[in-house]
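Letter by letter, the chains look like this.
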Amino acid sequence: MIFDTILICQLAMCAIMGIDNCPNAKQVSMENEWTPAYYYYSDGEGHIHYDDNQIIHMGIIVHELAHHVEETQGKDFKKVCIQYGGTKCDIHELKKGGVQ
């Protein structure tokens, strides 16, 4: 039931963000991961894996969808993430050696 709610929220945010090709979603269990979700793009399709054992809120969904928009529409991840209320929109800059 929780995963169904996540899917509904993802579909709603895809509509709000103007994403025609909403990424596939998969329910997974990831132990000891720093994030409850991750996005990947493969073979022309976007995928988001959600850990159903962790709390997932709209900010996380938006964060992952911003990766999708970056990959499929060439838009700036951070701008899209912030625009739609995503969480940790600058975390990838920090991992690349940006200023902390």
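Residues numbered from 1 in each chain as written. Predicted model: local features only at pLDDT ≥ 70, side-chain atom pairs only at ≥ 80, totals over all residues. Heavy atoms only, no water.

Trainee: Even after reading the chapter, I still don't get the environment of Q54, so can you show me in this structure?
Mentor: Locating Q54 in the fold gives a position in the loop between β3 (45–51) and α2 (58–73). Judged by its relative accessible area of 29%, Q54 is partly exposed. With residues near it in sequence (within four places) discarded, Q54 still touches M30, E33, T35 and P36. A polar side-chain atom of Q54 sits 3.2 Å from a polar atom in the side chain of D51. (Helix = DSSP H or I, 4+ residues; strand = E, 2+ residues; numbered from the N terminus. Buried < 20%, exposed > 50% of the residue type's maximum accessible area, 1.4 Å probe, protein only. Contact = heavy atoms within 4.5 Å. Polar contact = N/O pair within 3.5 Å; in protein donor to acceptor, adjacent residues only side chain to side chain.)

Trainee: Honestly, the sheet that holds strand β2 (residues 37–42) in this entry has me stumped. Any pointers?
Mentor: The strands that make up a sheet are held in pairs by hydrogen bonds between backbone atoms, and each pair lies either parallel or antiparallel. Taken in spatial order, the three strands of this open sheet run β1-β3-β2, and their pairing is mixed. This sheet does not close on itself; its edge strands, each paired only once, are β1 (24–28) and β2. Recorded for the sheet is a direction-independent mean angle of 25° between the axes of neighbouring strands. Bridge analysis of β1 against β3 gives five bridges, and the strand direction is parallel. Within the sheet, the bridge partner assigned to K26 lies in β3 and is H49. This element, helix α1 (residues 2–17), spans β1 and β3 of the sheet and lies at about 155° to β1. Against the sheet, α2 engages β2 and β3, with an angle of about 15° to β2. (Pairing = 2+ DSSP bridges. Axes fitted to C-alpha atoms, helices over the stretch in contact; angles between N-to-C directions.)

Trainee: When you look at the state of the cysteines in this model, what are you seeing that I'm missing?
Mentor: When the sulfur atoms of two cysteines share a covalent bond, that bond is a disulfide. Going through the model one piece at a time under the given rule, you end up with two disulfides. Two residues share a disulfide in this structure: C14 and C22, whose sulfurs sit 2.0 Å from each other. Here the disulfide of C14 and C22 is right-handed, its torsion about the S-S bond being about 75°. Residue C14 is classed as buried on the basis of its relative accessible area, which comes to 2%. Here C81 pairs with C89 through a disulfide, and the sulfurs are 2.1 Å apart. Taking the torsion about the S-S bond as the criterion, the C81 to C89 disulfide, at about -75°, is left-handed. Overall, C81 belongs to the buried group, its relative accessible area being 0%. Given a relative accessible area of 9%, C89 falls into the buried group. (Disulfide = S-S within 2.5 Å.)

Trainee: Any chance you could explain the environment of A37 here in plain terms?
Mentor: Tracing the chain through its elements places A37 in strand β2. On the basis of relative accessible area, A37 is assigned to the buried category, the value being 1%. Residues A37 and I19 lie 18 residues apart in sequence; the distance between their C-alpha atoms is 19 Å. Discounting residues that sit within four places of it in the chain, A37 has contacts with M30, H49, Y50, I60 and E64.

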